[in-house]
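# A closer look at the structure
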Amino acid sequence: MSRSYTDIILGSIADGVFTVDREWNILSFNRAAEKITGVPKSLAIGQKCFEVFRADICQNACALKRTIESGKELIDLRINILNSKGYSVPVSISTAVLRDEHGLMVGGVETFRDLSMMERLRKEIHHQYTFADIISKNHEIQKILDILPDIAMSDSTVLIVGPSGSGKELVAKAIHHLSRRKRKRYVAVNCGALPDTLLESELFGYVRGAFTDARKDKPGRFALAEGGTLFLDEIGDLSVALQVKLLRVLQEKEYEPLGATAPVKADVRIIAATNKSLPDLLSGGVFREDLYYRLNVVKISLPPLSSRREDIPLLIDHFIQRFNASKGKDIQGVSELALALLMRYDYPGNVRELENIVEHCFVLCRGGEIQADHLPREVVSTRSREVSEPMANPLRQAEAATIINTLQKYHGNRRKTASDLGLHKTTLWRKMKKYGITSFES
Amino acid sequence: MKIGIPLFGTRISPRFDCSQTFLVIEVEDGQNIQKQIVFVCESSPIKRIRNLAALHIDTLICGGIDAFSERQLYFHGIRVFSWITGEAEAVLCCFLEGKLESGMMMGADGRCCGRWRFRRGSRHL
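Remember, predicted model here, so these are calculated numbers, not experimental data. (Residues numbered from 1 in each chain as written. Chains lettered and ligands numbered in written order. Predicted model: local features only at pLDDT ≥ 70, side-chain atom pairs only at ≥ 80, totals over all residues. Heavy atoms only, no water.)

We now examine the overall build of chain B. Helices and strands together make up the secondary structure of chain B, namely three helices and eight strands. Along the chain direction, N to C, the helices and strands of chain B fall in the order β-β-β-β-α-β-α-β-α-β-β. Against the globule reference of 14 Å for 125 residues, chain B gives a C-alpha radius of gyration of 13 Å, in line with a compact fold. Overall, chain B is about 35 × 35 × 25 Å in size when its C-alpha atoms are taken along their principal axes. Burial statistics for chain B: of 125 residues in total, 55% are counted as buried. Residue pairs at least 24 apart in sequence account for 39% of intrachain contacts in chain B once pairs closer than 6 positions are excluded. Taken as a whole, chain B presents about 5,200 Å² of accessible surface, with 48% of it coming from carbon and sulfur. Across chain B, 16 positive and 13 negative side-chain charges occur, with their mean positions spaced 7 Å apart. (Helix = DSSP H or I, 4+ residues; strand = E, 2+ residues; numbered from the N terminus. Rg over C-alpha atoms; globule rule 2.2 N^0.38 Å. Buried < 20%, exposed > 50% of the residue type's maximum accessible area, 1.4 Å probe, protein only. Contact = heavy atoms within 4.5 Å. Areas by Shrake-Rupley, 256 points an atom, 1.4 Å probe, with all protein chains shown as cover. Lys, Arg positive; Asp, Glu negative; His and termini not counted. Charge placed at Lys NZ, Arg CZ, Asp CG, Glu CD.)

Put into structure tokens, the structure is as follows:
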């Protein structure tokens, strides 16, 4: 078969294919390999395969090396690679020896298949989100991420507060998957979704005969989460009666299923969340003080999206990558005008609302970039935020956000801020004046 | 100034999160005053970066790096030159001459022979 037929065939398949010589230099790189790695063929050819492919096994357990040394093929090995955008891409690889017309080994060939969609579905089904799924460069969020492993390993009860859609459950899942309990279940309950009577049986379960229609024992969420983590969302909506029962679990590490005659031991880590102000509920007599202090051992406060606008472009990029994988589209990004409108919007629904907006755009956008026409009406027509002329440009907005973030990091110290940003201090002063960043806490 | 370079043999490691061996160089007035090899065995990126911060590294020169790690490094005040490929010593010389930029591909002769996709001011920062 001629070389041009081979090129046509390799160019038409969905799997990435590349070949290397015995010095690991890339000899060929097909179109799918370009797409999955994000590296153009023109850059890849002649480079070391490990500097293009960037697999997690390259340094310690290279599959091609094993194949070349042993002469044996490897089929369907699951690994992850780092693409040119810095995203980890799960792939399945197969390797074989490359021989010339005389049967002499001249190198190796590797094929790989993108498993992103499968991995994403598996993650959603099994709630296996990690800290890496918390997308933010905001200083406050980075501070939380920095201490997350310590919080996770401590096994202490955690209270996460933040507005609706700010990522409370994502943080809870990340804590579970960083903890010693990660091999056990993560179970979530929305305390505001069910009436009290149902919620009690849902949480603690019931025994046969506890009430009419209780024909057999039913384990509650505490039993299902045994050894693992129980996430109690909307904890502020819990009735006083149930608060007492929850307090008992936290204090005595035991509970009673409905109709049971003896308590059951509980080995469950509690992570609670609320978008309400629990101190306000305390003073209103709606929330028990003793329960509040039991829950408030470690408190994580998540800011609203409107307080971390520098994350909006990152989140948009993240959601575009996710929806491209799940919906089989190839949306490239957002236009400058669409981004300016998205940066201006206030997001009362926070990150969840932004995700919905991007998904809305995916329905309307057939390819290329998301345009302003694809945005929901409330984003386009909002007048809720005054945007000064210098801030209207998205690049300027990002620059202002970076300056503010860095000033926060150095507690208002302009000399250190200027040094970090690679600016002369007078340049920094000029930019601060331009964006109206005048007063800052030292 | 203290510089950290994750290694793969004598080359810059292709992935920051997969290298256990770091070349740590202490530089004063543009001159190497101390070099050491440090082993960082943490698999968790947060702990790995904390270990680097504990070594008082203020500049990291690395190959491929995920966005999460790059943001965490920035949070710890560590300046990052990323997506660099080539021999570690040649890259270090280029950095000390003030010529290093993110995304540079260093050839065998120690000169820049191309650029990867990322430059300084990567959108992940």
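Residues and elements named next belong to chain A. Scanning the model with the defined rule gives zero disulfides over all chains in all. The cysteine Cys-49 is free of any disulfide, with Cys-62 supplying the nearest cysteine sulfur at 5.7 Å. As a non-bridged cysteine, Cys-365 has Cys-361 as the owner of its nearest cysteine sulfur, 7.7 Å distant. For Cys-365, a relative accessible area of 1% corresponds to the buried category. (Disulfide = S-S within 2.5 Å.)

Residue and element names in this part refer to chain B. Overall, the prediction assigns chain B a mean pLDDT of 86, with 93% of residues at 70 or greater. Across chain B, the element-wise mean pLDDT spans from 80 in strand β8 (residues 112–115) up to 96 in strand β2 (residues 11–12). Note that pLDDT drops below 50 for residues 118–125; the model gives that stretch 24 contacts with residues more than four away or on any other chain. With a pTM of 0.76, the predicted complex shows an ipTM of 0.89. (pLDDT = per-residue confidence, 0-100.)

This paragraph deals with the nonpolar core. Residue and element names in this part refer to chain A. One finds Phe-222, Leu-230, Leu-232 and Ile-235 to be the most contacted residues of the largest nonpolar core, which totals 30 residues. Contributions of two or more residues to this core are made by β6 (158–161), β7 (186–190), α9 (196–204), β8 (229–233), α11 (240–252), β11 (269–274), α12 (278–283) and α13 (289–295). No other element matches the five residues that α11 contributes to this core. Apart from residues lying up to four places away in sequence, Leu-232 is in contact with Val-189, Cys-191, Leu-203, Leu-246, Ile-270, Ile-271, Ala-272 and Ala-273. With 29 residues, the next largest nonpolar core counts Ile-316, Val-334, Tyr-345 and Phe-362 among its residues. (Core = buried A, V, L, I, M, F, W, Y, C linked by side-chain atoms within 4.5 Å.)

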